[in-house]
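# Structural features, examined
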Amino acid sequence: MKAIFSYKNVGILLACSGLVSVSSYAVASPSQPVQSPVYLQYVQQLKKAPEHKVLMFAGKEDIQPYSLFVHSPTILPLLKNQYDTSSLDAVIKATQETRHIAVTKHPWGTFVQAASFGSQDMASETNYDAIWVRDSVWGYLALDSQPDTQPVAHQVLLTLWDYMATPHQIDRMKAIIANPALVDAKDGQMNVPHIRFNSSSAQFDDVQENGKPQPWTHKQNDALGLFMDATLQEVQDQKIKADEWSKDQRLDALIYLVGYLDKARFYQMEDSGAWEENARLNTSSVALVTSALENLQGMIAKPQGAEKPFVEALRARAQELKLEHFITSENLSRLVSLGYQRIDKQLVIGGESPDYPKTDSRYRQADAALLNLIYPARLHRLTIKQKEHVLEIVAPLMGDIGIRRYFNDDYQSANFWFHNIKTDTDSASHAERKKQFIPGTEAQWFFDSWYAKAALIVYKESHNPHYRALAVRSMNHALAQITGENMVGANAKPVAAMALPESYNFIADQGELWEAASPITPLNWSKASMTLMLEEMKADLK
């Protein structure tokens, strides 16, 4: 059962017992009200905005009634309280172009940029046209899920492997293996393997700022684990052939990467994680590395079929490098056990980075990055109870439009784009974000599609219909985020129609809020996540 209501894009929809009421958000006033003429004009436009549609669903199983802010008229009639093969196929067809991931091809590689902007100005302003290892692997996973794009997915992953095998990357890993103290040195964020680069450079150079490598929070073990796991899976699936995995220094890169993670003690290392912020001991980062090492340990201990020549070559090369001790089954088992010990402990005491005093800025329980434990990690020892617990921890972050990364997240919070704050990770940008933050106005991200996939995975294992109903609700929220015609983004500039934003941001004025798509539209990670969600839903209906 569903009902359709109209609303102006100001206010919050409150759902209970099948009723919907509309009221303005009550928020704290900004510490420094924005006086930009563009901002003031934009607020006046928002107050006169045309009506949009809100869907009210009765829910399913024990899911309470919920409402959706539907931005695209094309999507509106496709949303259902439950889906069959026909209705899901209609969604897949209608969103095909929305989810299309464009790749950039150069003689030196095939790349998935973080975002696909129509405007070069926006790309230059945000550097979202750079290559992030994490985003690229998500792009690879989505491309690999579709038969017609598997060849290009393969090339994307091989290109990432070439990046990890560059002399600069190997030198960084070598240096830390020799002297682990470099991880925590003053320049520790730049000493570790890098996770972001410029695809226009044949040498895979860092993004440049004032003619020098831009300082960045490269301590992101989650990205390294994600890359390693995807690469090993391709080997297991016989998609990467011997002439490919033996090329240049690709095997060296994997061996050094294991050595780096060992010597850096990934299971107790503070890293910047998925959100590239101040380092903390993140459960999600430990989980993705543990998943990759567990995968490798299984291959080393009992190589199957096509894995055997790969494992033999890896061992032989490790012996030549005098690094064979890092990739023994015994050492990998030790590292995997240490990883699980950390995961188990942190889930018991609260979530993402809970092993700090509650007054410590690093302390955090609910964090959307915890979804990594369910997918794309493949943690064989993670119990169904732990997976259910992850969904429970993340659930409070759900908003009316999307999912917050974590509570009190100041990145792209209300009026962010009118304060001339850079999207970079430097301390000055972080300080300005914190200064301008209006409590309760966290950006709401595209993670509903990620949550839906995770819930379906839990449903398949638990057979509890609650999780399937939860997945449908989250899928509907994800689809409702697709932009409509003539929408204006949170920086007062137009955004593309039928596109997936990175997040929805808020415009705050005199205690009221309006939602607007982030200028980071479309984001390729958003596209990938939706494709993977729809593939999971399609498999469930078979």
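That block above? That's the structure.
Residues numbered from 1 in each chain as written. Predicted model: local features only at pLDDT ≥ 70, side-chain atom pairs only at ≥ 80, totals over all residues. Heavy atoms only, no water.

### Quick look at the sheet that holds strand E14 (residues 512–517)
Where we set the bar: Paired strands, as defined in this entry, are two strands with at least two bridges between them according to DSSP. Numbering of helices and strands runs from the N terminus; a helix is a DSSP stretch of H or I covering at least four residues, while a strand is a stretch of E covering at least two. By definition, residues are in contact when any of their heavy atoms lie within 4.5 Å. To define axes, lines are fitted to C-alpha atoms, for helices over the stretch in contact only, and angles between the resulting N-to-C directions are given on a 0 to 180 degree scale.
The strand order across the open sheet built from three strands is E12-E13-E14, with neighbouring strands paired in antiparallel fashion. Each having just a single partner strand, strand E12 (444–445) and E14 make up the two edges of the open sheet. Of the strand pairs in this sheet, E12 and strand E13 (residues 503–509) are connected by two bridges, and their pairing is antiparallel. Directly across from Trp445, in E13, lies its bridge partner Ser503. Contacts from helix H1 (residues 37–47) reach E13 and E14 within the one sheet, and its direction differs from that of E13 by about 100°.

### Comments concerning the nonpolar core
Filter applied, for reference: Grouping buried Ala, Val, Leu, Ile, Met, Phe, Trp, Tyr and Cys residues that are joined through side-chain atoms within 4.5 Å yields what is termed a nonpolar core. When accessible area is computed with a 1.4 Å probe and restricted to protein chains, residues below 20% of their type maximum are described as buried, those above 50% as exposed, and intermediate ones as partly exposed.
If you look at the biggest cluster of nonpolar residues, it comprises 168 residues, and the most contacted ones within it are Phe227, Tyr260 and Phe310. Ignoring any residue separated from it by four or fewer positions in sequence, one finds Phe227 in contact with Val133, Val137, Leu157, Leu160, Trp161, Met164, Leu254 and Leu257.

### Considerations on helix H10 (residues 250–263)
For an α-helix, the turn length of 3.6 residues means that residues three or four places apart are oriented alike. Convention followed: Here the expected span of a helix is defined as 1.5 Å times the quantity of residues minus one.
With 14 residues, H10 extends 20 Å from end C-alpha to end C-alpha; this agrees with the ideal 20 Å at 1.5 Å per step. Within H10, 13 of the 14 residues are buried, which leaves the element mostly enclosed by the surrounding structure. Of the residues trailing H10, Arg265 is marked for its positive phi of about 55°.

### Description of the packing of aromatic side chains
Worth spelling out the cut-off: Each Phe, Tyr or Trp ring, with Trp reduced to its six-membered ring, pairs with another whose centre is within 6.5 Å; inter-plane angles below 30 degrees give stacked pairs, above 60 give edge-to-face pairs, and intermediate values give tilted ones.
Tallied over the entire structure, the rule returns 24 aromatic pairs. Taken together, a centroid distance of 6.1 Å and an interplanar angle of 65° make the contact between Phe111 and Phe197 edge-to-face. Placement of Phe111 in strand E7 (residues 109–111) and of Phe197 in strand E9 (residues 196–197) is noted, with a sequence separation of 86 residues between them. A relative accessible area of 2% places Phe111 in the buried class. By relative accessible area, Phe197 is classed as buried at 0%.

### Concerning the packing of helix H11 (residues 283–301) against helix H12 (residues 307–320)
Note the cut-off: Geometric relationships in this document are graded by angle, where less than 35 degrees denotes roughly parallel, more than 145 denotes roughly antiparallel, 65 to 115 denotes roughly perpendicular, and other angles denote oblique.
As a packed pair, H11 and H12 sit with axes 9 Å apart at the nearest point and diverge in direction by 100°. Put simply, H11 runs roughly perpendicular to H12. Facing H11, whose interface residues are Leu296, Met299 and Ile300, H12 presents Glu307, Phe310, Val311, Leu314 and Arg315.

### Some remarks on H1
The cut-off we apply is this: The arc in question is the one spanned by the directions pointing from the helix axis to the C-beta atoms.
Turning to H1, its buried residues are Tyr39, Tyr42, Val43 and Leu46. One side of H1 carries all its buried residues, which in axial view fall inside an arc of 100°. Turned more than 90 degrees away from the buried face of H1 sit Pro37 and Gln41, all of them exposed. Of the surrounding elements, those touching the buried residues of H1 are E13 and E14.

### Overview of the side chain of Gln297
The residue Gln297 is located in helix H11 in this model. If near-sequence neighbours (up to four positions away) are discounted, Gln297 is found in contact with Ser329, Leu332 and Ser333.

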